[in-house]
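Chain and residue survey
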Amino acid sequence: MSERTLVLIKPDGVKRRLVGKIINRFEEKGLKIVSMKFMLLTKPQAEKHYSVHKDKPFFRGLVDYIISGPIVAMIVEGNSAISVVRLMAGSTDGSKAAPGTIRGDFSSSVQNNIVHASDSVDSYNYESQIFFNQAEIIESEYGDESLL
Ligand code: IDP
Ligand code: MG
């Protein structure tokens, strides 16, 4: 079933110049970008995005990290996009993530793990409106849909 998911390339991913490589993985998988922006999150936006973690000991550090530099936010669409992108991202802790995943290939850290990906439809609905309004989500046919 076609789904959408929110992907963030976090500040460490941008600073390490991995943006192109990461987007390339999603394109090669057959996911479609329907929205994308390069942005600096405000602290209130970051706190809202990570509000589920507000009582965790790592919350303040996590907020400081995600606002420490520009990020790339995008919405990608495709068959089972939420679980597909979570699989491509790999386990949260880069030191445990499988080789071949984004975190497994580019991170050895539990915090600085390069990407965010929504973990459910509810999370997508909550998170995506922090980054994009409806008018910024652009539907288009690529013409290869029957091959995917
Ligand atoms: P996820 O990004 O794989 O869904 P979550 O458990 O939702 O992982 O945690 C959100 C983010 O918080 C992680 O991607 C990571 O950047 C950070 N994080 C998670 N656990 C820890 C921790 O134990 N210490 C520091 N940062 C953490
Ligand atoms: Mg999460």
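Here the structure is shown first, and the text comes after it.
Summarised in this report is the structure supplied together with it. (Residues numbered from 1 in each chain as written. Chains lettered and ligands numbered in written order. Predicted model: local features only at pLDDT ≥ 70, side-chain atom pairs only at ≥ 80, totals over all residues. Heavy atoms only, no water.)

Remarks on the side chain of Ser118
Here is the rule: Put simply, DSSP H or I for four residues or longer makes a helix, DSSP E for two residues or longer makes a strand, and each gets a number counted from the N terminus. Per-residue accessibility, obtained with a 1.4 Å probe over protein chains only, is compared with the maximum for each type, and a residue is labelled buried under 20%, exposed over 50%, and partly exposed between these values. Any pair of nitrogen or oxygen atoms within 3.5 Å is treated as a polar contact; in protein, a donor-acceptor pairing is required on top of that, and neighbouring residues in sequence qualify only through side-chain atoms on both sides. Working rule for contacts: check all heavy atoms of both residues, and any pair within 4.5 Å makes them a contact.
Its location among the elements puts Ser118 in the loop between strand S4 (115-117) and helix H7 (121-131). For Ser118, a relative accessible area of 0% gives the class buried. Of the polar contacts made by the side chain of Ser118, one reaches the side chain of Glu127; its length is 2.7 Å. If we ignore the near neighbours within four places in the chain, the residues touching Ser118 are Thr5, Leu6, Ile82, Arg86, Ser123, Tyr124 and Glu127.

Some points on the pairing of strand S3 (residues 71-79)
For a regular strand, side chains alternate in direction, first toward one face of the sheet and then toward the other. So the rule is basically this: If DSSP finds at least two bridges between two strands, the strands pair.
Burial of S3 is extensive: eight of the nine residues sit out of reach of the surface. Examined bridge by bridge, strand S1 (residues 2-9) and S3 share eight bridges and lie antiparallel to one another. Bridging across to S3, Ile9 finds its partner in Val72. Pairing of strand S2 (residues 32-39) with S3, which is carried by seven bridges, proceeds in the antiparallel orientation. Pairing of Met39 across the sheet is with Ile71, part of S3.

Focus on the sheet that holds S2
Threshold: Note on geometry: axes are lines fitted to C-alpha atoms, helical ones only across the stretch in contact, with angles between N-to-C directions running from 0 to 180 degrees.
The strand order across the open sheet built from four strands is S2-S3-S1-S4, with neighbouring strands paired in antiparallel fashion. The open sheet has two edge strands with one neighbour each: S2 and S4. Adjacent strand axes in the sheet meet at a mean angle of 20° when their direction is disregarded. Its contacts with the sheet put helix H2 (residues 19-29) on S1, S2, S3 and S4, and the angle it makes with S1 is roughly 170°.

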